Each structure stands twice: as C-alpha cells, then as structure tokens.
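Structure assessment
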Amino acid sequence: MSISMTGCPCRPWPAQIHEQKLMLLYSPPLPLDSPPSNNKTRRLLSSKSASLLTHTQAEPLGSRVISEKGEEKLGFEDGKLQVERFVARIREIPRNERWGFVGLVEIEVGLKRNKSNFNALLFSFVIVDELELALKLFDKMPGYGVVPDSWTYSILIRCYSQKGEPDEAMRVAGLMLEKGFRTSVVTLNALVGSFCKKGRMKTAFEVVDMMGRFGCGPNVHTHNLLLKGLCYVGRVEEARAMLAKMKKAKEKPNIYSYTVIMDGLCKAGRSDEAMELLDEVNRRGLTPTAVTYSTLFNGYDKEGRPRKGLALMKRMKQRGCAPDYISYMTLLQGLLNGGEVTLGLKVYSEMEKQGLRVDERTMNSLLRKVCREAYIDEKMFTESCLIVEKMKSWGYTIFPDTYCRFIQTLCFWERFDAALDALTLMVRTGKFPSMVTIDRVIRALCQDGRTREALSVFALIRETSRTPSKRSYRRLIDGLGEQGYVLVAFSVYATAVKQGITGAKDHFESSKIEAPEMKRCKNESQRTTQP
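Just so it is clear, the structure is predicted and the values come from calculations on it, not from any experiment. (Residues numbered from 1 in each chain as written. Predicted model: local features only at pLDDT ≥ 70, side-chain atom pairs only at ≥ 80, totals over all residues. Heavy atoms only, no water.)

**So, the overall build of the protein**
Just so we agree on the cut-off: Think of it this way: any DSSP run of H or I at least four residues long counts as a helix, any run of E at least two long counts as a strand, and we number them from the N terminus. Working definition: with a 1.4 Å probe on protein chains only, accessible area under 20% of the residue-type maximum means buried, over 50% means exposed, and in between means partly exposed. Any pair of residues with heavy atoms lying within 4.5 Å of one another is described as a contacting pair. Residue-level accessible areas treat just the shown protein chains as cover; the underlying method is Shrake-Rupley with a 1.4 Å probe.
For the protein, the count of helices and strands is 29 helices and two strands. Per-residue burial for the protein yields a buried fraction of 48% across its 531 residues. Taking the contacts inside the protein whose residues are at least 6 apart along the sequence as the reference set, 67% of them involve residues at least 24 apart. When the accessible area of the protein is evaluated, it comes to approximately 25,600 Å², of which 50% is carbon and sulfur surface.

**With respect to the packing of aromatic side chains**
Spelled out, the test is: Each pair of aromatic rings taken from Phe, Tyr and Trp, with Trp reduced to its six-membered ring, is defined by centres within 6.5 Å and is described as stacked if the planes are under 30 degrees apart, edge-to-face if over 60, and tilted in the remaining cases.
Within this structure, the stated rule accounts for eight aromatic pairs. Between Phe-123 and Trp-151, the ring centres sit 6.5 Å apart and the planes meet at 75°, which makes this aromatic pair edge-to-face. One end of the pair, Phe-123, is in helix 6 (residues 115-127); the other, Trp-151, is in helix 8 (residues 150-162), with 28 residues separating them in the sequence. Both residues of the pair, Phe-123 and Trp-151, count as buried. An aromatic cluster is built from Tyr-375, Phe-381, Phe-412 and Trp-413, whose rings are joined through pairwise contacts.

**Topic: the packing of helix 12 (residues 220-232) against helix 13 (residues 236-248)**
The criterion, for reference: The convention used is that axes are lines fitted to C-alpha atoms, helices contributing only their stretch in contact, and that angles between N-to-C directions extend from 0 to 180 degrees. With respect to orientation, any angle under 35 degrees is reported as roughly parallel, any angle over 145 as roughly antiparallel, any angle of 65 to 115 as roughly perpendicular, and every other angle as oblique. By convention, the crossing between two helices is left-handed when the near helix turns anticlockwise from the far helix through less than a right angle, and right-handed when the turn is clockwise.
Running from N to C, helix 12 and helix 13 point in directions that differ by 160°, and their axes come no closer than 7 Å. As the angle between them shows, helix 12 and helix 13 are arranged roughly antiparallel. Once helix 12 is placed against helix 13, the crossing between them reads as left-handed. Contacts between helix 12 and helix 13 involve His-223, Asn-224, Leu-226, Leu-227, Leu-230 and Cys-231 from the former and Val-236, Glu-238, Ala-239, Met-242, Leu-243 and Met-246 from the latter.

**Some remarks on helix 20 (residues 360-373)**
Counting along an α-helix, one turn takes 3.6 residues, and residues three or four places apart therefore face a common direction. To keep things clear, this is the line we draw: In this scheme, a helix's expected span is set at 1.5 Å multiplied by one less than its residue total. N or O atoms within 3.5 Å of each other form a polar contact, as long as, within protein, one can give a hydrogen and the other can take it, and as long as residues adjacent in sequence are counted only when both atoms are side-chain atoms.
Across its 14 residues, helix 20 extends 20 Å between first and last C-alpha, which sits within 8% of the 20 Å expected from 1.5 Å per residue. What helix 20 keeps buried is the set Glu-360, Thr-362, Met-363, Asn-364, Ser-365, Leu-366, Leu-367, Val-370 and Cys-371. With a side-chain oxygen lying 3.1 Å from the backbone nitrogen of Arg-361, the N-terminal cap of helix 20 falls on Asp-359.

**With respect to the packing of helix 4 (residues 79-91) against helix 6**
For any two helices packed against each other, one specifies the inter-axial angle together with the distance between the axes. Put simply, the rule reads: Amino acid classes used here: Ala, Val, Leu, Ile, Met, Phe, Trp, Tyr, Cys and Pro are nonpolar; Asp, Glu, Lys and Arg are charged; the rest, including Gly, are polar.
Where helix 4 meets helix 6, the closest approach of the two axes is 9 Å, and the angle between their N-to-C directions is 45°. One finds that helix 4 runs oblique with respect to helix 6. Between helix 4 and helix 6 the crossing geometry is right-handed. Packed against helix 4, whose contacting residues are Gln-82, Val-83, Phe-86, Val-87, Ile-90 and Arg-91, the element helix 6 presents Asn-117, Ala-120, Leu-121, Phe-123, Ser-124, Phe-125 and Ile-127 at the interface. Across the contact of helix 4 with helix 6, the residue classes tally to nine nonpolar, three polar and one charged.

**A word on the confidence of the model for the protein**
Quick reminder of the rule: Per-residue confidence from the predictor is reported as pLDDT, which spans 0 to 100.
For the protein, per-residue confidence averages 80 on the pLDDT scale, and residues scoring 70 or more make up 77% of the total. For the stretch residues 1-13, pLDDT sits under 50, and the model shows 44 contacts to residues farther than four places along the chain or on other chains. Between residues 515-519, whose pLDDT stays under 50, and residues either more than four places distant or in other chains, the model counts five contacts.

**Describing the side chain of Asn-224**
Turning to its location among the elements, Asn-224 is positioned in helix 12. Since its relative accessible area comes to 3%, Asn-224 is described here as buried.

**Looking at the nonpolar core**
Filter applied, for reference: To define a nonpolar core, start from buried Ala, Val, Leu, Ile, Met, Phe, Trp, Tyr and Cys residues and group those joined through side-chain atoms within 4.5 Å.
Membership of the largest hydrophobic core comes to 145 residues, with the highest contact counts inside it found for Leu-121, Val-192, Leu-296, Met-363 and Val-457. Among all residues touching Met-363, those that are not within four sequence positions of it are Tyr-348, Val-358, Ile-387, Lys-390, Met-391, Trp-394 and Tyr-396.

**So, the pattern of salt bridges**
Rules: Put simply, a salt bridge is a Lys or Arg side-chain nitrogen that is within 4 Å of an Asp or Glu carboxyl oxygen.
Tallied over the full model, the rule gives 24 salt bridges. Its salt-bridge partner being Asp-167, residue Arg-200 comes within 3.0 Å of it at the nearest N-O pair. On the criterion of sequence distance, the pair formed by Arg-200 in the loop between helix 10 (185-197) and helix 11 (201-209) and Asp-167 in helix 9 (residues 166-179) is long-range, its members being 33 residues apart. Its salt-bridge partner being Lys-247, residue Glu-280 comes within 2.6 Å of it at the nearest N-O pair. With Glu-280 in helix 15 (residues 271-283) and Lys-247 in helix 13, the pair connects residues that are 33 residues apart, well separated along the chain. Here Lys-247 falls in the partly exposed class, since its relative accessible area comes to 24%. Among the ionic contacts, a cluster of salt bridges with common partners joins Glu-237, Arg-240, Arg-270 and Glu-273.

What follows is the structure, given as structure tokens:
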C-alpha cells in the first residue's frame, strides 16, 4: 500500500468559517453607493477615452473589459458603473502593481479636477481591500485639484472602519458634521460594526444616537450589528432585551437578528435556550438558514451533545433547508469530538454523496478516530484503509501522529508489508515516526519471523540520526536469537552498548541465544565492554 505524503493548502477550520460566515451576514459587502445622479456627476468621454476604457491592448497593468451594450451610443459613465469597471480591472492586476492603475486611469479618463472619477477610484480601492492605497490616493487629492465632498468623506469612513481604525473614522464623521455634510445609514453602519468588533459598545451606541444629525436613522442591519456586539462582549441578556424591543418597533427583527442571539447563547453554553428561539422563529413565519442551524450544531458540539445536532439536522432537512458545507463540517466535528465515530462516518459518507470534500485537518482527525476503533472492529480497519486512499486521491497530507496511528493499526491486523512501506515513506519524506510506532513494527515483524525486515527498520531509523529505544533493541535481539542469527544479534548488542543503551548487557546475557553460541558471544561481549 502506497500512501501519499504530499500536501495541499488546508481549508479554514470549520469553526473559523462559521465565524466568518456570521460576520458576512451581519457585515455585508459594501454597496456601490452612487453619487447624486445628476448631469454634473457624469463625464462625457471622447471616443478615444471610451475605447481605452472598454478595450485595452496588451497594457502592462490593464485587462480586457467588455463594454456594456449601448455604451458607445450613450457616451457617458454612471458613477456606479464606473466603480464596477474599476473594481473588475483592479482585481486582475497583481497586488504589488495596483498603484500603477492610478496612472492608467489618469491617462484613460482623467482624474484632475474630476471629482466623480476620483471618488470612484477611491471607493474601488476600498472595495478590493486595498485600504493603504485608498488612503495614499486621498492624501494626493489636492494635487489633482479635487476638493473632498460628502461621498469622499463617506468612503473614507468606510475605509478606516474596514481597516479596524474606528477612532479615525469617527474623526472623519465629526469633520463631516462640521462641514454640514450628510451620509447614509450604510456608511454609519460600517462605523458601528467596526466599534462592535472592538467590543466598544458604548461608542457604537453613540454613533447610532448621532445618525439623526446626518439625516438618517438606524435600520435592521444597525440593530443586528449591535446585537452581535453585545453577544461578543458577553452581554447576551441585554441583546435579548433589545430583541424584545425590536419586536414592538417598526423595524421588525429578521432571521439574522435571531441567529446572532442564538450564536451568543450557544457560546455561553445555553443551547437549549437557543433552541427555544428557533421554535419562536418558526412561529413568527421566518425561515431559518443553514447558518442558523450551524450555530446550534456548534453549540451542541461545545456542550458535548453531538447526537442532538444529528437529530436537528434531520429536522432541518424536513423543513426544506438544505445543509451546506459548514453545517456538515460542524456536525461531523462534533460527532468526532464526542466519540461518535460510527455516526461521524455516516455524515462523512453523506458529504461524499453531496460532492462536498472534508478538509485535510478533519480527515486526519477522522482517520485517527477510526484507527482507534479498528482494534475491536475489522470493519473500521477497512474504513481506515479507504480513508487513506481517499486522502491520497485528494492530495492531502497525513499528519505524523495520524500516520503513526495508522501504521500501528496495520501491524495489529498483520498487514506487515503495508506497515513497512508506510514507515519507510514517512522517514524518506522527513516525517519522523514515534518510538512507540517503531517498536510496534519491529515487534510485529519479529513475531512473524521477518527479522531481516525488522533489521532494515533499525537501519532506516539510524539513518535519521535518531537512537532506537531500549525496547526496540531488546525486541530485535530476541528476534534474531530465536531465528538463529547469533552473530547479527551480537552486532546489534554491540551497537546498543556503543549507543549507551542501559541494561543492554544484562538483557543480552539473559536472552534466548543457546550455547555454544551463547557462551562465545558472552565472552566476546565481555571483551567488548572492557576498557
């Protein structure tokens, strides 16, 4: 049996993916806010500029952009469409060359004294998460003869919020108030979310209170951000009280509002209360999402009740909500952590049928758990071999501790050739097996009368400049003695003495090597050990 040791990039750990997915739900991508749609914000392009913008030929930084139907006929770019174009082109440029796109835009459509194009490019850098480039471009704004307007400052607030610097974003918001500028609730939500991620709930509520001064008010998304922030700092009861107020307000809570609090309850070890909220969701006619159910799976996992998660998945399917990758992975990990290996295998098989690939780390965990069960169940041994072959086909790395567990399982079921191949491959690829694994292989080979292969394992380990254990020396000396390889046994003994293995002499003298060979080798051993 050949086992691949080559690896590929691991997918994120499911708990991390679950957190990321929650953050995406409550902090959605920045919408493309267009500047006021009047003729002043539209720039008439020359036919040459329009051609450059929609079709580039082997430009160092550019890419082919397909023009919209009727674009040449209209002859202008709307602010929103301009941002979409810029974003598409920036994403095709290597990150270390993206600043050069500024010069390209200047050549094609112009930036000097063109506030609309400048703001579109500034916002595009924020959308593609090139925040430092956005700030660098803003610093150069006076050189282009452009004066910041409300859209410029709104973009800057989003930039600092996204960058994790809410205090700077707050400073910009204060500057907008001084200048009499207004902004949207979407922009201020970015600021609220940034403070919530820092756990600074007092300031987050202050931003909500000042929304009226900007000519806007909080919406459901604003409240969801606050709910998430309260749960993040452990103030779950305050979040529940806020949810109760939302039920009576004009802006009713949505499924994400409930999911946030369910997540907070599950993290606090209160999954049963989260389940009650799920029942309330169904009574109110809201539709739970896969993220909602995954929140509960994660809670049951933390509380050591993975079977509850399995029952919930059955209910999830009955209600017409298809489990996604995160749902399956969270449930699978919970079952494995809870020792429910057989049920975990069923979930793994179902994922395969759905065309979902378990990540590398979880596959290693699954293999280790199955190998432990394989000592009492031959079917589990078969499953372990199938998992190894699947990991090989996916190009996954088998971690050293997982590999050792599998090799020991092979020895238990007397698959000596496969165990020897796996051990050899481990060493050849720089993965060092544990001494327990080495001892198991040597003992299994000696018991099967294959002392030559056991001796090759010895030589293989010594190639790595590691010293075999005292137990491994004893196993090999006994095996060689029983097979009648007296001189070889003595050579192994002499090596043990040179390596400073304690008790080697006593074991050799009490070994099963028969006279007259025994007597001659003992005399030789005495001469070897004398100074």
